[in-house]
Amino acid sequence: MSRLRPGRDDSPDRLYTLTGGRSRTGSTAFDVVTLVVAESDPVPGMQSEHAAILRMCRFPTAVVEVAAGLGLPVSITRILLADLHDTGRISARHPRPTSSYRLPDHDILEQVLVGLRNL
């Protein structure tokens, strides 16, 4: 028996309709941590999911947060984001570590691991 989640309609027909039948974006512009920022406001007649994305992304928002906010799979959200990106309605930037960022010392990580195992 299939259990439906409240407020979600993940039927293949709905997802197919949302993406216009596409299953891939054709680009790798969006991974789950890519930050998305709206460059315009929603306009009348716009697909409701596109309008929701623009409202959600007034401030930098990660792709995974957009997907959660829409209640859609990340793969579908990437397609919707690519549509908006292609029309210049959103911009995307990948978080990058600063030049002063470096990984913690290996010995410290080893000590933390030993401490966790002892718990």
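Residues numbered from 1 in each chain as written. Predicted model: local features only at pLDDT ≥ 70, side-chain atom pairs only at ≥ 80, totals over all residues. Heavy atoms only, no water.

In the nomenclature of an unreviewed UniProt entry, the protein chain corresponds to DUF742 domain-containing protein from the organism Streptomyces roseolus.

## Looking at the overall build of the protein chain
To be explicit about the condition: The numbering of helices and of strands both runs from the N terminus, where a helix is a DSSP run of H or I of at least 4 residues and a strand a run of E of at least 2. Burial status follows relative accessibility: with a 1.4 Å probe on protein chains alone, a residue under 20% of its type maximum counts as buried, one over 50% as exposed, and anything between as partly exposed. Residue contacts are defined here by distance: any two heavy atoms, one from each residue, within 4.5 Å place the two residues in contact. Using a 1.4 Å probe, the Shrake-Rupley method yields the accessible areas, and only the shown protein chains count as cover for residues.
Broken down by element type, the protein chain carries 5 helices and 3 strands. Reading the protein chain from its N end, one meets helices and strands in the order α-β-α-β-α-α-β-α. In the protein chain, which comprises 119 residues, the share counted as buried stands at 28%. A sequence separation of at least 24 residues applies to 69% of the contacts in the protein chain between residues at least 6 apart. Total accessible area computed for the protein chain in this model is approximately 8,500 Å², and 55% of it derives from carbon and sulfur atoms.

## Here we look at the side chain of Thr77
Residue placement: Thr77 occurs in helix H4 (residues 74-86). Apart from the residues within four sequence positions on either side, Thr77 is in contact with Val63, Val66, Ala67, Leu70 and Leu72.

## With respect to the nonpolar core
Rule in force here: By nonpolar core is meant a set of buried Ala, Val, Leu, Ile, Met, Phe, Trp, Tyr and Cys residues that side-chain atoms within 4.5 Å join together.
Of all hydrophobic cores here, the largest spans 19 residues; its most connected members are Phe30, Val36, Ile53, Leu70, Leu81 and Ile90. Only strand S1 (35-38), helix H2 (48-56), helix H3 (63-70) and H4 provide two or more residues apiece to this core. The element that contributes the greatest number of residues to this core is H4, accounting for 5 residues. For Leu70, the residues in contact, after removing those within four places along its chain, are Glu49, Ala52, Ile53, Met56, Thr77 and Leu80.

## A word on the sheet that holds S1
For the record, the criterion: The criterion for strand pairing is that DSSP finds at least two bridges linking the strands in question. Axis angles are defined between N-to-C directions and span 0 to 180 degrees, where every axis is a line fitted to C-alpha atoms and, for a helix, only to the segment in contact.
On the basis of which strands lie adjacent, the open sheet formed by 3 strands has the order S2-S1-S3 and antiparallel pairing. Unpaired on one side and paired on the other, strand S2 (61-62) and strand S3 (90-93) mark the two borders of the sheet. Note that S1 and S2 share 2 bridges and pair antiparallel. Pairing of Leu35 across the sheet is with Ala62, part of S2. The sheet contacts of H4 involve S1 and S3, and relative to S3 the element is tilted by about 115°.

## Here's the deal with H3
The condition is simple: Here, the arc refers to the directions that run from the helix axis to the C-beta atoms.
Those residues of H3 lying buried are Val63, Val66, Ala67 and Leu70. The arc that holds every buried residue of H3, seen down its axis, measures 100°, which confines them to one face. Structural note: H3 exposes Ala68 and Gly69 on the side pointing more than 90 degrees away from its buried face. Buried positions along H3 lie against S1, H2, S2 and H4. Gly71 sits one or two residues past H3 and shows a positive phi near 70°.

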